[in-house]
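# Structural description and commentary
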Amino acid sequence: MTASGQDTAAWIAETMVYSVLAEVVSWPSPGLVSAVSNGCHADMDIYTFLRSALRIQPYYQEAARLGIEQSGGRTGREDLFRMLQKTGRRAEADMLGATGGVNTHKGTIFLGLILCAAAGMTSQRPTGSAEPQEICRLAGRLAEYPLRAQLADILEETHSASTGGRAYREWGIRGIRGEVIDGFPSILQQGLPALREALQQGADLRTALIHCLLSLMAVVQDTTLLNRNFDRTRIDYTQASALAALDRGSLFTSEGRAYIRNMEEDFRLRSLSPGGSADLLAMTLALHLWTENQGEERVWRTIPLYQPSFATGSASMS
Ligand SMILES: CC(C)(COP(=O)(O)OP(=O)(O)OC[C@H]1O[C@@H](n2cnc3c(N)ncnc32)[C@H](O[C@H]2O[C@H](COP(=O)(O)OP(=O)(O)OP(=O)(O)O)[C@@H](O)[C@H]2O)[C@@H]1O)[C@@H](O)C(=O)NCCC(=O)NCCS
Ligand SMILES: Nc1ncnc2[nH]cnc12
């Protein structure tokens, strides 16, 4: 691989880990771990996530490198997915080693590896640029057939080792696999527009990320919510709560902020942790950073410096 290819793989991975870290530090995030709360989790805190995120960076770089090599015709798509699965299993084992056996980023690993590979594939195009839609479409095509086969296998099982597998067999809820097979509709139709609109209106990054999280929670079929109580109304309740927060102005109005504060306590008491939406928030930010400034000379190596609102003196959104 050329030096520029190695640089690009490193930048793709660095952006993904920055996005995974930005997700977990952001607050208020009902039910989730953040820099100021453990949400409804007794077995992990912000430091667990920091260790885990840094441990998986090399695997994101490996995935981006594999994508770059595939774009050069040296690997078939089916071979690429199989290699990514092996990378993912190694990353999961390393994550569990870093966290003492706690599942912090299983979904983040799965989604991040596929998207880093797709970003690598598009980065080698002559134009050097790609839209989020193109990266997500490629990622979906890369994983579609193996994931459809996994879902078919799950239907044949008498019992499923995972919550997501059980949700699919009992209710047809496809969870993380459906999100990938369909080309990340929650990100493209909800998360990314919400993030970019908030940033364009001058919101600081933390505010824009939480607004994006709520926009994702309102639509995502998040099977993480079923881990502690296999009751599908927990998904409906989470979606309705997020929608109500958005209807009250999200973080941009005092009513919306008060509602979100109540959500934090409510989700803690109900043990509702929307970990899947948190994963998709990190993926949304990575896609935004990989593809913003389209049309200008792409600078793959610079993460834009977001000025916190207090630094620029700009009033918070009213
Ligand atoms: C394809 C797999 C990843 C599927 O995994 P599996 O079948 O084992 O489990 P699922 O229950 O289907 O979901 C796995 C995680 O995916 C996240 N998730 C769930 N729904 C969605 C969704 N609609 N969109 C996106 N992501 C979704 C979620 O992960 C996050 O939550 C976890 C932390 O929350 P928490 O409540 O703490 O969970 P626990 O600790 O388990 O519960 P408690 O102990 O606290 O009560 C964390 O993982 C977040 O990331 C789901 O948990 C898998 O089969 C696979 O193939 N993996 C390896 C292969 C791989 O990585 N390949 C690379 C690319 S091919
Ligand atoms: N901030 C977070 N809290 C709990 N689970 C998560 N999974 C991914 N991000 C998370």
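Looking at an unreviewed UniProt entry, the chain carries the name triphosphoribosyl-dephospho-CoA synthase, with the source organism given as Paenibacillus silagei.

Core analysis: the largest hydrophobic core is formed by 86 residues, its most contacted members being M16, Y60, L115, C116, F184 and W290. Not counting chain neighbours up to four residues away, the residues in contact with M16 comprise Y60, G112, L115, C116, M283, A286 and W290. By size, the runner-up hydrophobic cluster in this structure holds 6 residues, among which are V24, V33, I46 and V102.

Attention shifts here to the site of ligand 1. Contacts to ligand 1 come from 37 residues, most closely from N103, K106, S162, Q221 and D279. Contact between ligand 1 and G164: an oxygen atom at 2.9 Å from a main-chain N or O atom of the residue. Against a free-state accessible area of 1,200 Å², the protein chains account for coverage of 90% of ligand 1. Of all the secondary-structure elements, those providing two or more residues to the shell around ligand 1 are α3 (77–99), α4 (106–123), α6 (163–171), α7 (175–181) and α12 (275–291). Broken down by element, the residue count for the shell around ligand 1 peaks at 8 residues, all from α4. When the residues that make up the shell around ligand 1 are grouped by side-chain class, the tally is 11 nonpolar, 18 polar and 8 charged.

The tally for this structure, following the rule as stated, stands at 2 aromatic pairs. Relative to F230, the ring of W171 has its centre 4.5 Å away and its plane inclined at 15 degrees; by these criteria the two rings are stacked. Here F230 lies in the loop between α9 (205–217) and α10 (233–247) and W171 lies in helix α6, a separation of 59 residues in the sequence. Residue classification places W171 among the partly exposed positions, given a relative accessible area of 27%.

Of all residues in the chain, 91% have pLDDT values of 70 or greater, and the mean over the chain is 91. Residue range residues 295–303 is modelled with pLDDT below 50. Its contacts to residues more than four positions away, or to other chains, number 16 contacts. Under the prediction, the complex receives an ipTM of 0.94, its pTM being 0.93.

This part takes up the site of ligand 2. Around ligand 2, the surrounding shell consists of E23, V24, L32, V33, H41, M44, F49, T104, S273, G275, A278 and D279. In this structure, a nitrogen atom belonging to ligand 2 sits 2.9 Å away from a main-chain N or O atom of V33. Look at ligand 2: alone it shows 260 Å² of surface, and the protein chains cover 95% of it. If you tally residues by element for the shell around ligand 2, the top one is α12, at 3 residues. Each residue belonging to the shell around ligand 2 can be placed in one class, and the counts come to 6 nonpolar, 4 polar and 2 charged.

Moving on: the pattern of salt bridges. Evaluated as defined, the whole model comprises 13 salt bridges. Across the pair E69 and R65 runs a salt bridge, and its minimum N-O distance is 3.2 Å. Here E69 pairs with R65, and both are found in helix α2 (residues 46–71), just 4 residues apart, close to one helical turn. With a relative accessible area of 31%, R65 lands in the partly exposed category. Between E255 and R248 there is a salt bridge; the shortest N-O distance is 3.8 Å. Here the salt bridges share partners, and the residues they tie into one network are R125, E134 and R137.

What follows covers the environment of A194. Secondary-structure assignment places A194 in helix α8 (residues 185–200). Take A194: its relative accessible area is 7%, and that puts it in the buried class. Separated by 30 residues in the primary sequence, A194 and T224 place their C-alpha atoms 23 Å from one another. With near-sequence residues (within four places) excluded, A194 lies in contact with H211, C212 and S215.

Turning our attention to α8. For α8, spanning 16 residues, the distance from its first C-alpha to its last is 22 Å, which sits close to the expected 22 Å at 1.5 Å a residue. In the structure, α8 departs most strongly from a straight axis at G191, where the bend amounts to approximately 35 degrees and where the proline P193 lies between one and four residues downstream. On its buried side, α8 packs onto α5 (132–156), α7, α9 and α12. Taken from the residues just after α8, G202 is the one with a positive phi, measuring 95 degrees.

Taken N-terminus to C-terminus, the directions of α2 and α3 make an angle of 165 degrees; their axes are 9 Å apart at the nearest point. Between α2 and α3, the crossing angle belongs to the class labelled roughly antiparallel. Handedness of the α2/α3 crossing: right-handed. The residues of α3 that touch α2, namely those facing T48, R51, S52, R55, I56, Y59, E62, A63, L66, G67 and Q70, are R77, L80, M83, L84, T87, R90, A91, D94, M95, G97, A98 and T99.

The relative placement of two packed helices is expressed as an angle between their axes plus a distance between the axes. Where α2 meets α4, the axes come as close as 7 Å, and the angle between the chain directions of the two elements is 35 degrees. Where α2 crosses over α4, the handedness of that crossing is right-handed. Contacts between α2 and α4 pair I56, Y59, Y60, A63, A64, G67, I68, Q70 and S71 from the former with T108, I109, G112, L113, C116, A117, G120, M121 and S123 from the latter. Considering only residue class, the contact of α2 with α4 consists of 11 nonpolar, 7 polar and no charged.

Cut-offs used in this document
Think of each chain on its own: its residues are numbered from 1, step by step along the sequence as written. All chains are assigned letters beginning with A, and all ligands numbers beginning with 1, in the order in which they are written. Given that this is a predicted model, residues contribute local features only at a pLDDT of at least 70 and side-chain atom pairs are listed and counted only at 80 or more, while totals for whole chains, interfaces and linings are drawn from all residues. Side-chain calculation: all heavy atoms of the structure are included, whereas hydrogens and water are not. As used in this record, nonpolar core signifies buried Ala, Val, Leu, Ile, Met, Phe, Trp, Tyr and Cys residues forming a set joined through side-chain atoms within 4.5 Å. The buried label goes to any residue with under 20% of its type's maximum accessible area, the exposed label to any with over 50%, and the partly exposed label to all in between, with areas taken from a 1.4 Å probe on protein chains only. For this analysis, residues touch if any pair of their heavy atoms sits within 4.5 Å. Near, as used in this document, describes a residue that has one of its heavy atoms within 4 Å of the molecule or strand being considered. Throughout this description, a polar contact denotes any pair of N or O atoms lying within 3.5 Å of each other; where both atoms belong to protein, one of them has to be capable of donating a hydrogen while the other can accept it, and for residues adjacent in sequence the pair is counted only when both atoms sit in side chains. To be clear on the numbers: accessible area is Shrake-Rupley with a 1.4 Å probe, and residue cover counts the displayed protein chains and nothing else. Segments assigned H or I by DSSP are reported as helices when at least four residues long, segments assigned E as strands when at least two residues long, and all are numbered from the N terminus. Gly is placed with the polar residues, together with every amino acid not listed as nonpolar (Ala, Val, Leu, Ile, Met, Phe, Trp, Tyr, Cys and Pro) or charged (Asp, Glu, Lys and Arg). Any pair of Phe, Tyr and Trp rings, taking the six-membered ring for Trp, is counted once the centres come within 6.5 Å. Such a pair is stacked with planes under 30 degrees apart, edge-to-face with planes over 60 apart, and tilted for the rest. Scored from 0 to 100, pLDDT reflects the predictor's confidence in each residue. For salt bridges, the criterion is a side-chain nitrogen of Lys or Arg within 4 Å of an Asp or Glu carboxyl oxygen. Here the expected span of a helix is defined as 1.5 Å times the quantity of residues minus one. For a residue, the bend is simply the angle between two axes, fitted respectively to the seven-residue segment ending there and the seven-residue segment starting there. All axes are obtained by fitting lines to C-alpha atoms, using only the stretch in contact for helices, and the reported angles, taken between N-to-C directions, cover 0 to 180 degrees. Here the word oblique covers every angle except those under 35 degrees (roughly parallel), over 145 (roughly antiparallel) and from 65 to 115 (roughly perpendicular). Note on convention: near helix rotated counterclockwise from far helix by under a right angle means a left-handed crossing. Clockwise means right-handed.

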